[in-house]
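A look at the structure
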Amino acid sequence: MTELFEKSMQTLELPRVLDLLAAQAVTEEGKERARRLRPETDPQEVARRLKETSAAVDRMVLRGSPSFSGVKPVAGSLQRADMGGSLNTRELLDIAAVLAAARSARDYGETDGEQKTPIDHLFRSLHPNRFLEDKITGSIVGDGELADSASPELASIRRHMRATEGKVRDILQKLISSSQSKYLQESIITMRSGRYVVPVKSEFKNEVPGLVHDLSGSGSTFFIEPMGVVKANNELRELQAKEEKEIDRILAELSAEAASFKEDISQNYDLLILLDGIFARGKLSVQMKGMEPVLSSKGICLRKARHPLLDPKTAVANDLELGESFDTLVITGPNTGGKTVTLKTLGLLTLMAQCGLHIPAADGSSVRVCARVLADIGDEQSIAQSLSTFSSHMSNIVGMLEETDDETLILFDELGGGTDPVEGAALAAAIIEHARQQGALVAATTHYAELKVYAMTTPGVENASCEFDVETLAPTYRLLVGIPGKSNAFAISKRLGLSEDIIQKANARITAENIHFEDVLTKLEQQRQEMEREQQRAARLRLEMEEASAKAQAYRDSLQKEKEKNEARAKAEARAILEEARRTADQVFRELSDMKKKASKEGDWQTVNDQRAGLRRRLNDAEGKLGAEEKAAPPPMVRPAAKGDTVTILKTGTQGSVLSVNKDGVLQIQAGILRITAKQEEVRVVEGETQAQKATKQYIRRTEHKLRSLGAKAEVDLRGMTTDEAEMVLSQFIDRAIVGNLTQVTVIHGKGTGAVRKAVHTYLKRCKGVSSFRLGRYGEGETGVTIVELK
């Protein structure tokens, strides 16, 4: 990577993006690697990095991020342990943290049959060691502190130490509580040089026999170890020495065991740092709302691209193309209109993709992998090197052209600026043409009208402009490819407060040719904006029409579904009625058969069989018509009904016998137990009904109630209902049971709070059809059910 390429990355602000990436990493080394990340020039390696980032994003969406907290460098510690050195508690805890993170990441990486991803092998390559991890964390409870359970010997030593310390304190406590307490400066027990002592007043130092270990700064207090605790203190010092020796042995043992797994632990650390970097790229992608660009061998195509360092709420997204239908893009427009930002966006997003980062753009975006991205952007005037703005830019451009080839993306800002406009424009066109001959992709910003004409007349070179709203005299920051732009210097100057007189004088100095060219650009821009507004209106109308059409279609579909549902429901109900009538007829015929066998002759039996066959044929015919006719129209009136006729009431479909006909034509009809009044047009006369058919229908009506009563259930479940719901359901249940001639029924109300049981018993007490009731016995449900005897 050349120095000029590195300088261009700084110019395009890639390090600032890498700082954002480092902020997403968890480990310190992961952050450092993020800042050192550089664009890859091998297309396969770029594709691999991008796929890794996408896999991390997909995993985070489904399972969140893996934990890399606590992962610190352990290579030095492992190397020292491998050479026979003993590690301290902090180093061993760092090793345990790496093992814990490796175990957690390995569990996180288990796919459970999910689709394979490019980072699965990294998780599978981790080598957790739960035994060593638990041994370290179980032995070390904190920085510099070992647990008693680290070894039986350490536990024994510390147990004796606690007993000895208690013995020393007991002796000193007796001294403090005795008559000798008057010799003490304070009634406390303290330590000096690792031994327990008491503070004695200097004037009574000889009254307390013992060893002097320290003297206060003022000389008024002597810290004396009484002779009675010297032996116990000596014993305590011996135990402390044994404790230190045992701790050293345990640490050496743990260090040796860690050294035996040096390669696995080192590999775990490297893989965790690598995964930390990959998931940092994924987090940054989510934060930027980025996407994985397609790698193209031809050129760059960015859809709704945003500069990653601008506020996404205010940044204007633009479509950028370079290398497909044209290899050079000349961008014109006003100052502060967004030309330089567009240039930087083009270069920075290319660099980000080559680093394996997702780019803030819409789906369908593609980038080309470039061996070099070279940029000459900004004012690089150097006083120290005696370089003017033009000289500094030209020095930079000379170096860029020396490195240019067919794998280079070149970005020029204000190409040819800082010198005579005529010479600058000619020089700029020549530089662009030279870079194109080398096969490079070129994007340049300019104010020169000559370069606009060059772009309009040269194949492979395309104009673009940053839109400027002439009504508000403000840039919109939208890039318009294919349209040259105006600098709008006069409009901007006027907006900033420059005198109108000065602007008119300046306008008079422009040549007629330039005025004509600028006027043409102005008219083109106005026409373009008008066409764009018309397109937007047309698109809006088309969208409204599509939405209206979709709503209408959805409404038609819902009507059709409702119609089909109603038809299916009606057919099902009709089939149920016919089936019930069939069962009723069979029951009637069975009763008739029994009666005929006992009291009828053979000839009569044959007549009944004929009637039964005729009824079955009519039932079958009715059922067949049910599937063919959706809804039969009312039959035409054959004749007015007269007294004694059997008629069908159209509204209800029931039949009855005409009792009388009033003078105004109103009929009195007996339909079962009901007496109904109806007009002539509301009924139809039933013609040709035989006596046998009438008898059969009477049997059907008489037995219909009986058959329905057979469906009465002997048990009802009221659990989960409110008391009001339970009382309503119980009332209907008791009525059906009485109609069905049941003598005993079971009401399940559950135990619970007893509210439903109380409501059931209250209802049963006032129900006239109930003879008695009681709670269930063992095997019946006990207090969760009530057994009801019916009258």
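Residues numbered from 1 in each chain as written. Predicted model: local features only at pLDDT ≥ 70, side-chain atom pairs only at ≥ 80, totals over all residues. Heavy atoms only, no water.

1. Digging into the overall build of the protein
- Helix and strand counts for the protein come out as 22 helices and 25 strands.
- Taking all 791 residues of the protein together, 41% fall into the buried category.
- About 43,700 Å² of surface is accessible on the protein, with carbon and sulfur atoms providing 52% of the total. (Helix = DSSP H or I, 4+ residues; strand = E, 2+ residues; numbered from the N terminus. Buried < 20%, exposed > 50% of the residue type's maximum accessible area, 1.4 Å probe, protein only. Areas by Shrake-Rupley, 256 points an atom, 1.4 Å probe, with all protein chains shown as cover.)

2. Some details on the packing of helix α6 (residues 89-108) against helix α10 (residues 230-260)
- Two numbers describe how α6 lies on α10: the axes approach to 11 Å, and their chain directions differ by 35°. Between α6 and α10 lies a crossing of left-handed hand. Residues Thr-89, Leu-92 and Ile-95 of α6 touch α10, and the partners they reach there are Leu-251, Leu-254, Ser-255 and Ala-258.
- Class assignment of the residues belonging to the contact of α6 with α10 gives a composition of five nonpolar, two polar and no charged. (Axes fitted to C-alpha atoms, helices over the stretch in contact; angles between N-to-C directions. Left-handed = near helix turned anticlockwise from the far one by under 90°. Contact = heavy atoms within 4.5 Å. Nonpolar A, V, L, I, M, F, W, Y, C, P; charged D, E, K, R; others polar.)

3. Remarks on the packing of aromatic side chains
- Counted by the stated rule, this structure contains four aromatic pairs.
- Arranged with centres 6.3 Å apart and planes meeting at 50°, the rings of Phe-68 and Phe-279 form a pair that is tilted. Of this pair, Phe-68 sits in the loop between α4 (43-63) and α5 (75-82) while Phe-279 sits in helix α11 (residues 262-288), placing them 211 residues apart in sequence. Here Phe-68 and Phe-279 have matching classes, each one buried. (Phe/Tyr/Trp six-rings, centres within 6.5 Å; stacked < 30°, edge-to-face > 60°.)

4. Examining the side chain of Ser-365
- Here Ser-365 shows up in the loop between α12 (339-354) and β11 (366-368).
- A polar atom in the side chain of Ser-365 sits 2.9 Å from the backbone nitrogen of Arg-303.
- In contact with Ser-365, not counting residues within four places along its chain, are Met-291, Pro-293, Val-294, Cys-301, Leu-302, Arg-303 and Ile-359. (Polar contact = N/O pair within 3.5 Å; in protein donor to acceptor, adjacent residues only side chain to side chain.)

5. With respect to helix α8 (residues 130-139)
- Inspection of α8 places Leu-132, Glu-133, Ile-136 and Ser-139 among the buried residues, and these make up the whole buried set. Each buried residue of α8 sits inside an arc of 150° when the element is viewed along its axis, so together they form one side.
- The inward-facing, buried residues of α8 contact α6, β1 (140-142), β2 (145-146), α10 and α11. (Arc of directions from axis to C-beta.)

6. Brief notes about the sheet that holds strand β18 (residues 655-661)
- The strand order across the open sheet formed by five strands is β20-β19-β18-β17-β21, and the pairing between neighbours is antiparallel. The open sheet is flanked by β20 (674-678) and β21 (683-685), the only strands paired with a single partner. Strand-to-strand twist of the sheet, defined as the mean angle between neighbouring strand axes without regard to direction, takes the value 40°. (Pairing = 2+ DSSP bridges.)

7. Focus: the pattern of salt bridges
- Within the structure shown, the criterion is met by 36 salt bridges.
- The closest approach of N and O atoms between Arg-158 and Glu-243, which form a salt bridge, is 2.8 Å. You can see Arg-158 sitting in helix α9 (residues 152-177) and its partner Glu-243 sitting in helix α10, a full 85 residues away along the chain.
- Two residues, Asp-645 and Arg-639, come together in a salt bridge whose shortest N-O distance is 2.9 Å.
- For Arg-639, a relative accessible area of 31% puts it in the partly exposed group. (Salt bridge = Lys/Arg side-chain N within 4 Å of Asp/Glu carboxyl O.)

8. A look at the sheet that holds strand β3 (residues 190-192)
- Strand order in the open sheet formed by four strands is β3-β4-β6-β5, and the pairing between neighbours is antiparallel. Looking at strand neighbours, the two that pair on one side only are β3 and β5 (210-215), the edges of this open sheet. Between one strand axis and the next, the sheet turns through 50° on average, direction left out of account.
- As judged from the five bridges shared by β5 and strand β6 (residues 221-226), these two strands associate in the antiparallel manner.

9. A closer look at the nonpolar core
- Counting 68 residues, the largest nonpolar core has Leu-302, Met-352, Ile-359, Leu-411 and Phe-412 as the members making the most contacts within it.
- Sorting elements by how many residues they give to this core places α12 first, with seven residues.
- Setting aside residues no more than four positions away along its own chain, Met-352 makes contact with Leu-14, Val-17, Met-288, Pro-308, Leu-357, His-358, Ile-359 and Pro-360.
- Counting residues in each nonpolar core, the second largest holds 44 residues, with Val-74, Phe-123, Tyr-269 and Leu-275 among its members. (Core = buried A, V, L, I, M, F, W, Y, C linked by side-chain atoms within 4.5 Å.)

10. Regarding unusual backbone geometry
- For Glu-13, which is not a glycine, the phi torsion comes out positive at approximately 70°.
- Its location among the elements puts Glu-13 in the loop between α1 (3-11) and α2 (14-24).
- Residue classification places Glu-13 among the buried positions, given a relative accessible area of 19%.
- Positive phi, normally seen in glycine, also occurs at Lys-304, with a value near 50°.
- Among the secondary structure elements, Lys-304 is positioned in strand β8 (residues 300-305).
- Judged by its relative accessible area of 54%, Lys-304 is exposed.

11. Details of helix α21 (residues 723-739)
- End to end, α21 covers 24 Å across 17 residues, agreeing with the expected 24 Å (1.5 Å per residue, within 8%).
- Of the surrounding secondary structure, the elements contacted by the buried residues of α21 are β22 (715-717), β23 (744-748), α22 (755-766) and β25 (785-790).
- Just downstream of α21, Asn-741 is the residue with a positive phi angle, here 60°. (Expected span 1.5 Å × (residues − 1).)

12. A short note on the packing of helix α14 (residues 421-437) against helix α15 (residues 449-457)
- Remark: α14 packs on α15, axes separated minimally by 8 Å, with the N-to-C direction vectors making an angle of 35°. Seen from above, α14 lies across α15 with right-handed handedness. Between α14 and α15, the contacting residues are Ala-425, Ala-428, Ala-429, Ile-432, Glu-433 and Arg-436 on the first element and Glu-450, Leu-451 and Tyr-454 on the second.
- In terms of residue class, the contact of α14 with α15 is built from six nonpolar, no polar and three charged.

13. Remarks on the environment of Ala-96
- Checked against the element boundaries, Ala-96 lands in helix α6.
- For Ala-96, a relative accessible area of 3% translates into the label buried.
- In this structure, the C-alpha to C-alpha distance between Ala-96 and Lys-135, residues 39 residues apart in sequence, is 8.9 Å.
- When neighbours within four sequence positions are excluded, Ala-96 is seen to be in contact with Glu-133, Ile-136 and Thr-137.

14. Side note on the environment of Arg-684
- Here Arg-684 shows up in strand β21.
- For Arg-684, a relative accessible area of 15% puts it in the buried group.
- Each C-alpha atom of the pair Arg-684 and Thr-648 lies 5.3 Å from the other, and the pair is 36 residues apart in sequence.
- Not counting the four nearest positions on each side in its chain, Arg-684 is found in contact with Pro-635, Pro-636, Met-637, Thr-646, Val-647, Thr-648 and Leu-650.
- At 3.2 Å, the side chain of Arg-684 forms a polar contact with the backbone oxygen of Glu-681.

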